[in-house]
Amino acid sequence: MAENATLTTLHADALTEATDAAMRAIPPAWPLASNVAVNPFLGQTGDGLAQAGARLRRVAGIRVTMPRSWYAGRIASGAIADEDLAAALACAPPDLRPKDVPALKEAAMRPAPEPEALPTVADLAARVSGIDWPALIAERIGAWAAGYFDEGQALWAAPRGKGAYAAWRAYATHDLTPEVAGLSGFAAHVADAPEDARAAIARAVARLGLRGAALASYFHRMLVTLGGWAQYARYRLWQAELAGGSDDVLVGLLAVRLVWEEALHGRHGDEIGARWEEVRAGYAAPVAPTNDLVVDAILQEAAERAAQRELATLLAAPSPVPAAGRPALQAAFCIDVRSEVFRRALEAADPGIQTLGFAGFFGLPVAHRRFASDVEERRLPVLLEPRISTRAGGPGDDAADRAARIAARAKRAWGRFKLAAVSSFAFVEATGPVYAAKLVRDGLGLRAAGAADDPAPRFDPTLDVDARTGVAETVLRAMSLTENFARLVLLAGHGAGVVNNPHAGALQCGACGGRSGEVNARLLAVLLNDRDVRSGLASRGIDVPEDTLFLGALHDTTTDAVTIYAADHPSPAHAADLERARARLDAAGKAARAERALRLPRAAGGRGVASRSRDWAEVRPEWALAGCNAFIAAPRGRTAGRSLEGRAFLHDYDWRRDEGFGTLELIMTAPVVVASWISLQYYGSTVAPEVFGSGDKLLHNVTGGIGVVEGNGGLLRAGLPWQSVHDGERLVHEPLRLSVCIEAPRAAMVEVLARHDGVRALFDNRWLHLFALDDEGRMAWRYAGGLEWTPVEARVECEPQLETAG
């Protein structure tokens, strides 16, 4: 008895470990309201690209690089040179790589084998029965999940209060669709299943004959078949753990999927028995890259080295001489790649203007309540927890607050009346003509979408003077802005004013949690204009001139219009400064629109760019961060006057002012990681759109208020729509992993990596490339892994990276 109990405990431990491993391999997907970019390889960063490719081929049937023809075309055109191929070849596992560059080129000319996932029981049952069980499972789970996860879209909400697995059992025991399709007794099978999700998993594992090494791999496969539903459940777990808790929704979804497998195995077990035994062995086999996967990884590395050569040439060009004296205007923008185009245009409009780059939440991790709202919006990177509470408006806005709340309630009630089951038909007949003018106006885009115009935000509760001063000092030092202040300093967050776009959050500021950045910018202006704060800053070595005025602003990345919130801090003495600033911003917007129009379909030379934001039918209002391939943390002088074509994240950083390298650590562990999520989401949505992309915008339907499906049901689709990376004829995003260039001592960067294993893994396994810039801003050293560096000009720049089986 004691021995059986020990074996049972060991089996339970193995199941728990396998379940947790499978859940960690699934990337989270944020809901549409706070739609931020996520690294779809989040669970794979402990391995290199070839190893991750082997695992994802097994569980998802996808490739993690472009087709060979893409690389072959770049080799033929000369974009990828022999030196790039040789350097990438030298870094590959010696026992799996081609023997030399000619052999690598020959391999690039041959198509790689098509990836194919190991089958599930549902796949095998479909082959012997002729019934598409995987599609039926996706459709039925999707129908239930849309109601279970609904965040207010449904007029008739599903019952609340049960866990995911319990709620599904209550639903599935009354769902006759599987039995109609041919799975007789399914409702009874569900009713007979254990009430606890983990017990259900254990029973299914036993009946399917799964054990040992096969468990984690098969569980991973199960969760992948659930698409965005599993990713949204992973988001729920992410949020719970960030707050110090836990969440079992993803465990419940795994149990749901395994109950389906168990039922199909019970029905078709005799027919698929021999093949299922082979498949189980396949799941238990160690994950290891093949020669073809290594070749693909080498070609990907070579393409990235080619792009790095171009970047190195650009950064090595002579820098323009900065204007002497006090700047005519200082404008701090988000590091977002779209700001690079606008910053360059603004500096060209007036050489006396100084621009800066900083994370778009401006160092303020806030939970904000908009005007007349009790909903807390997390306006900070999703990696962080809010530490400051704020709200729009003050005591003087109470009457307007009440009026806005009443209007909002009336609007919601009217909306529900329009959509209700009984009243909706009569509503259309009776009031349709009333909406004619609105339909014409909105359909033709005649009404411009204005910038957010909530009353000025305030801290709630108010921070004491020491806390306010500490926050202000931290932000200014992190921005490397501690001296030579202009009379007018703009703090420009960014957002995108678009219509009829479920993925609008993906166009907003990722550092602000998928929302526009004006709240954080305006809050920072409040701090920096505070006389008590300025006095405290002076005692800490930062003297802000009496005549310096900070103002929040919002850069609309779709129209390149900039709204300045001058009314937050009225100053007649700065009227002339504001007039000049607006003129320069208008000129910069015109130049930026003209440049962006060259990439946008049907943009009419810049004149049609602004109207795209108001066009209901426009599937590409802007390219957002498509094309991003570099992150540069250095003084602005290293990149000023150079066109980075809206492809680089630009973070101002002067290591000479960074005592103790605290700002360097912050940059490498926050903005760099956020940029990697953005870069790798675009990468994944390009190389594997069937799993890591959300499909075709033209087929999207919003479901549950949290995501989209293609058509009228099925799997939730996470990631970027195809229209976000492709213009209809060609890719507009080159899938290249991000090159991170930092001007700082190599020893300081090594110390940061040594303290942060997760960040180090991104660089050691080359999900990111790291370069150290020298004192002239040139790419001088390449991080080779293992906390070692090699000179960029060296022909062989890293030790061969050995893949590990697992």
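Residue indices follow the written sequence of each chain, beginning from 1 at its first position. Reporting of local features is limited, given that this is a predicted model, to residues whose pLDDT is at least 70; pairs of side-chain atoms are given and counted only at 80 or more, and all residues count toward the totals for whole chains, interfaces and linings. The side-chain numbers reported here are obtained from all heavy atoms of the structure, hydrogens and water having been left aside.

The next point concerns the overall build of the protein. Looking only at helices and strands, the protein has 28 helices and 19 strands in total. Throughout, the radius of gyration refers to the C-alpha atoms, and the reference size of a globule is 2.2 Å times the residue count to the power 0.38. Against the 2.2 N^0.38 benchmark of 28 Å for 806 residues, the protein shows a C-alpha radius of gyration of 28 Å, consistent with a compact globule. Projected onto its principal axes, the C-alpha coordinates of the protein cover approximately 85 × 75 × 60 Å. Surface accessibility of the protein: about 33300 Å² in total, with carbon and sulfur atoms responsible for 55%. Counting from the N terminus, the helices are DSSP H or I runs at least four residues long and the strands are E runs at least two residues long. Under the convention used here, a 1.4 Å probe and the Shrake-Rupley method define accessible areas, while residue burial counts only the protein chains that appear.

Before going further, it helps to examine the packing of helix α16 (residues 337–349) against helix α23 (residues 575–597). Here, axes are lines fitted to C-alpha atoms. For helices the fit covers the stretch in contact, and angles between N-to-C directions go from 0 to 180 degrees. Axis separation between α16 and α23 bottoms out at 8 Å; the angle between their running directions is 130 degrees. By the criterion of interaxial angle, the relationship of α16 to α23 is oblique. In the crossing of α16 with α23, the sense of the turn from one axis to the other is right-handed. Residues Val341, Phe342, Arg344, Ala345, Leu346 and Ala349 of α16 lie in contact with α23, whose contacting residues are Arg584, Leu585, Ala587, Ala588, Gly589, Ala591, Ala592 and Glu595. Taken together, the residues that form the contact of α16 with α23 break down as ten nonpolar, one polar and three charged. Angular relationships are summarised with four words: roughly parallel below 35 degrees, roughly antiparallel beyond 145, roughly perpendicular across 65 to 115, and oblique for the angles in between. The sense of a crossing depends on the near helix, which, turned anticlockwise from the far helix by less than a right angle, makes the crossing left-handed and, turned clockwise, makes it right-handed. Every residue pair with non-hydrogen atoms within 4.5 Å of one another is taken to be in contact. Gly is placed with the polar residues, together with every amino acid not listed as nonpolar (Ala, Val, Leu, Ile, Met, Phe, Trp, Tyr, Cys and Pro) or charged (Asp, Glu, Lys and Arg).

Note on pairing: DSSP must find at least two bridges between two strands before they are called paired. In space, the four strands of this open sheet follow the order β4-β3-β5-β6, with mixed pairing throughout. Looking at which strands have only one partner, the edges of the open sheet turn out to be β4 (376–379) and β6 (457–459). Across the sheet, the axes of successive neighbouring strands diverge by a mean angle of 30 degrees, strand direction being ignored. In this fold helix α21 (residues 518–529) packs onto β3 (366–369), β4, β5 (388–392) and β6, with an angle of close to 60 degrees to the strand it touches most, β6.

Further remarks concern the packing of aromatic side chains. Working definition: rings of Phe, Tyr and Trp (its six-membered ring) pair if their centres are within 6.5 Å, and the pair is stacked with planes under 30 degrees apart, edge-to-face with planes over 60 apart, and tilted otherwise. Counted under the stated rule, the structure contains 26 aromatic pairs. Note on criteria: charge over ring means Lys NZ or Arg CZ within 6 Å of the ring centre, with the direction from the centre no more than 35 degrees off the ring normal. Geometry around Tyr565 places Arg522 over its ring, the cationic atom sitting 4.1 Å from the centre.

Another point: the pattern of salt bridges. The working definition used for a salt bridge is a side-chain nitrogen of Lys or Arg within 4 Å of a carboxyl oxygen of Asp or Glu. Throughout the structure, instances matching the rule amount to 63 salt bridges. Among the salt bridges present, the one from Arg221 reaches Asp123, with a minimum N-O distance of 3.4 Å. Residue Arg221 is found in helix α12 (residues 214–224), and its partner Asp123 is found in helix α6 (residues 121–129); the two are separated by 98 residues along the sequence. Residue classification places Arg221 among the buried positions, given a relative accessible area of 10%. The partner of Arg257 in a salt bridge is Glu261, with the nearest N and O atoms 3.0 Å apart. Highlighted residues: Arg257 and Glu261, both in helix α14 (residues 249–284), separated by four residues, approximately one helical turn. Here the two residues Arg257 and Glu261 agree in accessibility, since each one is buried. Buried, partly exposed and exposed residues are distinguished by accessible area as a fraction of the type maximum, computed with a 1.4 Å probe on protein chains only: under 20%, between the cut-offs, and over 50%, respectively.

Here we come to the nonpolar core. In plain words, nonpolar cores are sets of buried Ala, Val, Leu, Ile, Met, Phe, Trp, Tyr and Cys residues tied together by side-chain atoms within 4.5 Å. Membership of the largest hydrophobic core comes to 171 residues, with the highest contact counts inside it found for Trp168, Phe219, Phe631, Phe649 and Leu770. No other element matches α14, which puts 16 residues into this core. Look past the residues within four positions of Phe649 in its chain and what remains in contact with it is Ile335, Asp336, Val337, Leu625, Cys628, Ala630, Phe631, Ile632, Ala675, Ile678 and Leu738. Core analysis: the next-biggest nonpolar cluster, separate from the first, contains 29 residues, Phe362, Ile388, Ile542 and Val544 among them.

Here we come to the pairing of strand β16 (residues 739–742). Across the two faces of β16 the burial is the same, with Ser739 and Cys741 and Val740 and Ile742 all buried. Inspection of the sheet shows β16 paired to strand β17 (residues 769–773) by four bridges, in the parallel sense. Of the residues in β17, the one forming a bridge with Ser739 is His769.

Its location among the elements puts Asp560 in the loop between β8 (549–556) and β9 (561–564). Within polar-contact distance, the side chain of Asp560 engages the side chain of His555 at 2.8 Å. The term polar contact refers here to a pair of N or O atoms within 3.5 Å; inside protein, the definition further demands a hydrogen-donor-capable atom paired with an acceptor-capable atom, and it admits residues adjacent in sequence only when both atoms are side-chain atoms. A distance of 2.8 Å separates polar atoms of two side chains, one belonging to Asp560 and the other to Arg596. Asp560 has contacts with Phe342, His555, Gly589, Ala592, Arg593 and Arg596, leaving out every residue within four places of it along the chain.

A word on the sheet that holds strand β10 (residues 630–634). As summarised here, the arrangement of the six strands in space is β11-β10-β16-β17-β18-β19, forming an open sheet in which the pairing is mixed. Looking at strand neighbours, the two that pair on one side only are β11 (648–652) and β19 (788–791), the edges of this open sheet. Strand-to-strand twist of the sheet, defined as the mean angle between neighbouring strand axes without regard to direction, takes the value 25 degrees. Bridging between β10 and β16 involves four bridges; their strand directions are parallel. Across the sheet, residue Phe631 finds its bridge partner in β16, namely Val740.

Attention shifts here to the pairing of β11. Buried residues dominate β11, accounting for five of its five residues. Both faces of β11 are covered, namely the face carrying Ala648, Leu650 and Asp652 and the face carrying Phe649 and His651. Pairing geometry for β10 and β11, over five bridges, is parallel. Bridging from a neighbouring strand, Ala634 pairs with Asp652 of β11.

Moving on: helix α28 (residues 757–764). Among the residues of α28, Val759, Ala761, Leu762, Phe763 and Asp764 are the ones counted as buried. Contacts made by the buried residues of α28 are with α24 (662–669), α25 (671–687), β16, α27 (746–755), β17 and β18 (779–785). One or two steps after α28, the chain reaches Arg766, where phi turns positive at roughly 60 degrees.

Now for unusual backbone geometry. Here Asp460 and Pro461 are connected by a cis peptide whose omega angle stands at 10 degrees. Among the structural elements, Pro461 can be located in the loop between β6 and α20 (465–478). The phi dihedral of Ala372 falls on the positive side, at around 60 degrees, and the residue is not glycine. For Ala372, the position within the fold is in the loop between β3 and β4. Although it is not a glycine, Arg766 adopts a positive phi angle of roughly 60 degrees.

Contact geometry for helix α7 (residues 133–148) and helix α8 (residues 164–172): axes closest at 11 Å, N-to-C directions at 120 degrees. With respect to each other, α7 and α8 are oriented oblique. Two packed elements cross with a definite hand, and for α7 against α8 that hand is right-handed. In this structure, α7 uses Arg140, Ala143, Trp144 and Tyr148 to contact α8, whose residues at the interface are Ala164, Ala167, Trp168 and Tyr171. The class makeup of the residues in the contact of α7 with α8 is seven nonpolar, no polar and one charged.

On to the confidence of the model for the protein. Per-residue confidence from the prediction method is given by pLDDT, with values spanning 0 to 100. On average, residues of the protein carry a pLDDT of 93, and 93% of them reach 70 or more. Taken as a whole, residues 799–806 scores under 50 in pLDDT and shows 29 contacts with residues more than four places along the chain or in a different chain.

Here we come to the environment of Gly360. For Gly360, the location among the structural elements is in the loop between β2 (353–358) and β3. Gly360 sits in the buried class, given a relative accessible area of 1%. A C-alpha to C-alpha distance of 9.3 Å links Gly360 and Leu491, two positions 131 residues apart in sequence. With residues near it in sequence (within four places) discarded, Gly360 still touches Cys334, Cys509, Ala511, Cys512, Gly517 and Asn520.

This part is about the side chain of Glu261. On the accessibility criterion, Glu261 (0% relative accessible area) is buried. Discounting residues that sit within four places of it in the chain, Glu261 has contacts with Thr120, Val121, Ala122, Leu208, Tyr218 and Met222.

Let us look at the state of the cysteines. The rule for a disulfide is simple: a pair of cysteine sulfur atoms within 2.5 Å. Throughout the structure, instances matching the rule amount to zero disulfides. You can see Cys509 has no disulfide; the closest cysteine sulfur is in Cys512, sitting 3.5 Å from it. Residue classification places Cys509 among the buried positions, given a relative accessible area of 0%. The closest cysteine sulfur to the non-disulfide-bonded Cys628 is located on Cys334, 13 Å from its own sulfur.

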